[in-house]
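# Topology and contacts: notes
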Amino acid sequence: MSEQSEQRPKTVTVGQSVHRLDAVGKVTGATPYPGDIDLPDQLWMKIRYSDRVHARIVSIDTSKALALPGVVAVLTAADVPCNEYGLIIYDQPVLCGPGSDRPGADIVRCRADAVALVIAETEAIAAAGRDLIAVSYQDLPIVTDPEAAMESGAPLLHEKYPENILCHYRIRKGDMTTGWAAAEVVVEGEFSTSWQEHAYLQPEAGLGYIDEQGRVAVIVAGQWVHEDQLQIAHALNLPPESVRVIYPAIGGAFGGREDMSVQIILALAAWKLHRPVKIIWSREESILAHHKRHPVRIRTKWGATRAGKVVAVEATVIGDGGAYAYTTSKVMGNANLMATGPYTIPNIHVDTYGVYTNNIPAGAFRGFGGPQGAFAAEGMMNRLALALGIDAVELRSRNVLHEGDLLSVGTPLPPGVSIPQVVETCARESGYWRKESGDQGWRRIPAAPPSAPHKRRGIGFACGFKNVGFSFGAPEKSWATVEIHGNTRIDRVIVRHAGAEVGQGAHTAFAQMAADAVGVPFHQVTLISHDTAQTQDSGSASASRLTFMAGNAIRGAAELALKAWANEERPAIGTFMYRPPPTTPYDPQTGRADPNFAYGYVAQAVEIEVDLETGLIEVIRVVSANDVGRAVNPELIKGQIEGAVVQAQGYTIYEHLISVDGVIKNPFLSTYLIPTVWDVPHEVKSVILEYADPIGPFGARGMAEMPYLGIAPAICAALHDATGVWIDSIPLTPDRVIIALESSGIRAILP
């Protein structure tokens with residue numbers, strides 16, 4: 001740090017719960033979302049989706065649609081200049097059908113595939129025209145079970161991926177023969193998770209047009225304007241500078257807007273027709289057409305000494321990636337790392353697979369493989385605790401990673417490891433545990449009596465860790481520009497940073513960090529964002545990275561701007577690109593890697609009550625302890641904790657997406673149930689810890705995903721505590737709970 005930077009005013013805004021920059025506009029309804037924006041002479045678009053799960057399209061008859069008065073155009077695969085896209089791999093056609101420039105683009109691989117676009121003078125006419133399109137198919141065999149998809153002779157979805165295996169990661173640490181010989185207690189388990197719908201408030205919507213400089217412009221909601229720009233440019237075979245992407249307000253994301261939805265097709269229609277084109281998906285279209293959380297199966301075996309030291313873990317992790325890659329390779333890379341938990345284990349053998357099937361594509365969702373891995377790892381720790389007769393918190397305290405300890409991949413965590421303190425603080429702050437003197441360690445107090453004779457109450461515990469930033473060698477950077485305006489004194493500061501505000505309060509945090517980096521009051525900072533024409537690439541709103549990456553970029557830009565100010569440049573401008581320490585991919589044979597440059601840590605205690613008559617689980621109380629490094633805005637962090645807890649509660653208990661032979665049967669929020677205000681925990685106690693990350697801005701770590709990680713395994717542990725029954729498949733819908741209880745001989749005693 002330079003001498004000048006050390007002379008800046010001390011922090012005055014970071015650490016304060018200032019009001020969100022966007023609060024008033026969103027509360028009053030003045031803030032426009034993509035669906036609120038209209039342009040003169042605009043047209044409307046509707047998408048004709050596939051009727052088949054797996055088939056070759058023989059022909060598409062658009063004549064009746066084109067004859068409908070008010071229909072302006074129907075676009076098919078032949079109209080797409082470069083008919084492919086994908087965040088990691090270009091493996092998905094923009095439109096499926098004959099006439100494409102890409103081999104295999106005439107094949108639909110799931111019901112979410114788009115076949116044609118109808119553009120008309122009104123939305124109703126576009127919908128009517130869509131329904132007039134006739135598609136002829138040659139059906140192909142389907143495979144919807146990932147393990148069946150891996151078998152020899154299974155239907156192949158993509159020729160480049162034998163046995164439908166998109167990715168396979170290995171971890172080989174230590175010696176398993178030695179590990180199992182040292183294990184005095186061994187437990188085995190099989191865990192499964194299901195799809196989860198993002199269910200953000202604003203369904204996909206947007207507007208494509210040609211801007212005043214002749215660029216193809218798209219107004220849309222996403223998570224990374226510059227990546228959207230690149231994917232549009234690729235599909236339209238245009239230079240990136242000929243494409244402009246603008247985000248207005250974004251009505252939630254949770255990873256669901258990381259991949260393409262309407263971006264490319266809006267740009268295509270506007271480019272073809274030179275008129276503004278708008279689309280708004282219905283909730284049904286949203287659920288049917290955008291990706292979901294990965295369903296994952298984990299078979300695992302853990303061994304420990306009687307003294308409570310975990311010595312060996314084996315696991316096989318299989319993720320259903322659906323019909324296209326999306327972010328499967330990255331999600332399963334995370335699950336591979338998280339499947340053994342935040343523990344020091346000398347002997348580990350893990351195989352993790354991401355598999356193509358004819359199901360809805362799976363992609364990014366809050367936690368990004370972490371919740372699935374933690375569900376199994378924490379479930380096994382709770383089983384080991386029971387088998388050993390050691391308290392669940394005490395067993396974790398004996399095994400969690402400390403500074404310098406080696407991960408499963410054979411390298412230490414980056415400096416700033418705080419999981420031991422987080423576990424201890426959560427146990428203490430929950431009031432459910434107390435630490436005994438001597439060698440006894442942590443002991444749990446009994447659960448409170450249930451509220452009725454036919455109910456049972458239980459308490460569970462889990463912990464976890466999660467990367468901050470992109471992993472496994474993925475390029476990571478963040479640009480920021482800071483402009484200092486004024487004459488002899490600073491009047492205002494303009495910050496340009498493209499990081500997406502998807503509801504988490506990121507832009508407010510950016511402004512807080514900029515204010516302190518320059519040394520001005522918060523109200524003097526103006527943020528310019530969400531527009532590729534006015535900002536440089538800052539990466540996505542994902543991987544809990546924005547505060548960390550943006551903060552470092554803004555601090556670097558502020559330092560350069562202050563130097564320019566000291567040299568009497570007016571305005572004084574500094575542009576800076578922050579790059580964190582490099583990461584490395586898995587070694588293909590051993591899994592050795594430096595996977596991440598920073599982590600966040602969490603521990604959670606959950607108290608539930610289960611109704612033995614109905615199988616309904618009520619979450620009474622959640623205590624979530626989170627090391628955030630430095631709380632830039634404590635109230636926003638509290639909101640993130642509470643939101644993650646409730647969203648994970650939905651994942652664990654309520655949200656059951658039903659897919660039969662690749663067809664989603666409940667694409668409505670009336671049948672796909674998410675938590676409501678009546679379902680949230682009676683209390684969420686947010687415990688915010690601040691163990692500074694050595695390279696985080698002001699010490700801050702990312703934290704938005706971490707409070708999600710422990711909820712599912714903690715609820716399952718609490719259910720076992722209440723009933724003595726383990727359920728290892730989520731969601732814990734009432735029918736599943738009742739079947740499991742009755743299979744174990746547990747029934748309500750009715751009056």
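Here is a short report on the structure shown in this document. (Residues numbered from 1 in each chain as written. Predicted model: local features only at pLDDT ≥ 70, side-chain atom pairs only at ≥ 80, totals over all residues. Heavy atoms only, no water.)

## Focus: the overall build of the protein chain
From N to C terminus, the protein chain includes 18 helices and 27 strands. Burial statistics for the protein chain: of 751 residues in total, 63% are counted as buried. Summarising the internal contacts of the protein chain: among those between residues at least 6 apart in sequence, 79% fall at separations of at least 24. For the protein chain, the exposed surface amounts to about 26,800 Å²; the carbon and sulfur share of it is 53%. (Helix = DSSP H or I, 4+ residues; strand = E, 2+ residues; numbered from the N terminus. Buried < 20%, exposed > 50% of the residue type's maximum accessible area, 1.4 Å probe, protein only. Contact = heavy atoms within 4.5 Å. Areas by Shrake-Rupley, 256 points an atom, 1.4 Å probe, with all protein chains shown as cover.)

## Details of unusual backbone geometry
Cis geometry marks the peptide bond from Arg 570 to Pro 571, where omega comes out at -5 degrees. Relative to the elements of secondary structure, Pro 571 occurs in the loop between helix H15 (546-566) and strand E22 (572-578). In this model, Glu 163 sits at a positive phi of 55 degrees, which is unusual for a non-glycine residue. Within the secondary structure layout, Glu 163 lies in the loop between helix H5 (146-149) and strand E7 (165-173).

## Details of the sheet that holds strand E6 (residues 134-139)
The strand order E4-E2-E6 describes an open sheet built from three strands, whose pairing is antiparallel. Edge positions in the sheet fall to strand E4 (107-108) and E6, since each of these pairs with one other strand and no more. Pairing analysis gives six bridges linking strand E2 (residues 55-61) to E6, with the strands arranged antiparallel. Note that in E6 the partner of Ile 57 across the bridge is Tyr 137. (Pairing = 2+ DSSP bridges.)

## Let's talk about the environment of His 290
Along the chain, His 290 falls in the loop between helix H9 (283-289) and strand E13 (296-304). In this structure His 290 comes out as buried when scored by relative accessible area, which is 4%. As a C-alpha pair, His 290 and Ile 360 span 70 residues in sequence and 8.0 Å in three-dimensional space. What His 290 contacts, discounting residues up to four positions off in sequence, is Glu 197, His 198, Tyr 200, Glu 204, Trp 281 and Ile 360. Of note is the side chain of His 290, whose polar atom sits 3.0 Å from the side chain of Glu 204. (Polar contact = N/O pair within 3.5 Å; in protein donor to acceptor, adjacent residues only side chain to side chain.)

## Considerations on the nonpolar core
Formed by 124 residues in total, the largest nonpolar core has its most connected members in Met 45, Leu 117, Val 482, Ile 484 and Val 518. Counting residues per element, this core draws most heavily on H15, at 12 residues. When neighbours within four sequence positions are excluded, Val 482 is seen to be in contact with Val 493, Ile 494, Val 495, Val 518, Ile 554, Ala 557, Ala 558, Ala 561, Ala 572, Ile 573 and Gly 574. One finds Phe 191, Leu 407, Ala 427 and Val 687 within the second-largest nonpolar core, a separate group that totals 104 residues. (Core = buried A, V, L, I, M, F, W, Y, C linked by side-chain atoms within 4.5 Å.)

## Structural notes on the packing of helix H11 (residues 370-388) against helix H12 (residues 392-399)
Relative orientation of the contacting elements H11 and H12 amounts to 110 degrees, with a least axis distance of 9 Å. Relative to H12, H11 is oriented roughly perpendicular. Both H11 and H12 take part in a crossing whose hand is right-handed. Between H11 and H12, the contacting residues are Glu 378, Met 381, Asn 382, Leu 384, Ala 385 and Leu 388 on the first element and Ala 392, Leu 395, Arg 396 and Asn 399 on the second. For the contact of H11 with H12, the per-class residue count stands at six nonpolar, two polar and two charged. (Axes fitted to C-alpha atoms, helices over the stretch in contact; angles between N-to-C directions. Parallel < 35°, antiparallel > 145°, perpendicular 65-115°, else oblique. Left-handed = near helix turned anticlockwise from the far one by under 90°. Nonpolar A, V, L, I, M, F, W, Y, C, P; charged D, E, K, R; others polar.)

## Remarks on the environment of Gly 354
Along the polypeptide, Gly 354 turns up in strand E15 (residues 347-356). Relative accessible area serves as the criterion here: at 0%, Gly 354 is assigned to the buried category. A sequence separation of 389 residues divides Gly 354 from Ser 743, and the C-alpha atoms of the two residues are 33 Å apart. Not counting residues up to four positions away in its chain, the partners in contact with Gly 354 are Asn 164, Ile 165, Leu 166, Cys 167, Gly 319, Thr 328 and Met 332.

## A short note on the sheet that holds strand E1 (residues 43-49)
Picture the strands of a sheet paired through backbone hydrogen bonds; they go either parallel or antiparallel. The mixed open sheet is built from seven strands, whose spatial order is E3-E5-E1-E12-E9-E10-E11. Because the sheet does not close on itself, it has two edges, and the strands there are strand E3 (71-75) and strand E11 (243-246). On average, each strand axis in the sheet is inclined to that of its neighbour by 20 degrees, with strand direction left out of account. Where E3 meets strand E5 (residues 114-120), four bridges bridge the pair, whose relative direction is antiparallel. Bridged to Val 71 within E5 is Ala 120. Running over the sheet, helix H4 (residues 123-130) touches E1, E3, E5 and strand E12 (277-280) and is turned about 25 degrees from E1. Contacts from helix H8 (residues 263-273) reach E1, E3, E5, strand E9 (205-210), strand E10 (216-220) and E12, with the element oriented near 30 degrees to E9.

## Points about the pattern of salt bridges
In the structure shown here, the tally under the stated rule is 42 salt bridges. Of the charged contacts in the structure, one is a salt bridge between Arg 20 and Asp 22, with a shortest N-O distance of 2.9 Å. Given the relative accessible area of 23%, Arg 20 is considered partly exposed. Residue Lys 292 pairs with Glu 197 through a salt bridge whose shortest N-O separation is 3.0 Å. Of the two residues, Lys 292 sits in the loop between H9 and E13 while Glu 197 sits in the loop between strand E8 (185-192) and E9, which places them 95 residues apart along the sequence. An identical accessibility class is assigned to Lys 292 and Glu 197; each is buried. One network of salt bridges, with partners in common, ties together Lys 46, Glu 123, Arg 130, Asp 131 and Glu 285. (Salt bridge = Lys/Arg side-chain N within 4 Å of Asp/Glu carboxyl O.)

## Remarks on the packing of aromatic side chains
Scanning all chains against the criterion turns up 12 aromatic pairs. Plain terms: the ring middles of Tyr 651 and Tyr 708 are 5.9 Å apart, the flat faces sit at 50 degrees to each other, and that makes the pair tilted. You can see Tyr 651 sitting in helix H16 (residues 634-654) and its partner Tyr 708 sitting in the loop between strand E27 (683-689) and helix H17 (711-723), a full 57 residues away along the chain. Across this residue pair, the class does not change: Tyr 651 and Tyr 708 are buried. Counting every residue linked through ring pairs, the aromatic cluster contains Tyr 169, Phe 472 and Tyr 586. Lying across the ring of Tyr 200, Arg 257 places its NZ or CZ 3.8 Å from the centre. Cation over ring: Arg 555 sits above Phe 698, and NZ or CZ is 4.4 Å from the ring centre. (Phe/Tyr/Trp six-rings, centres within 6.5 Å; stacked < 30°, edge-to-face > 60°. Lys NZ or Arg CZ within 6 Å of the ring centre and 35° of its normal.)

So yeah, pure geometry; function would need other evidence.
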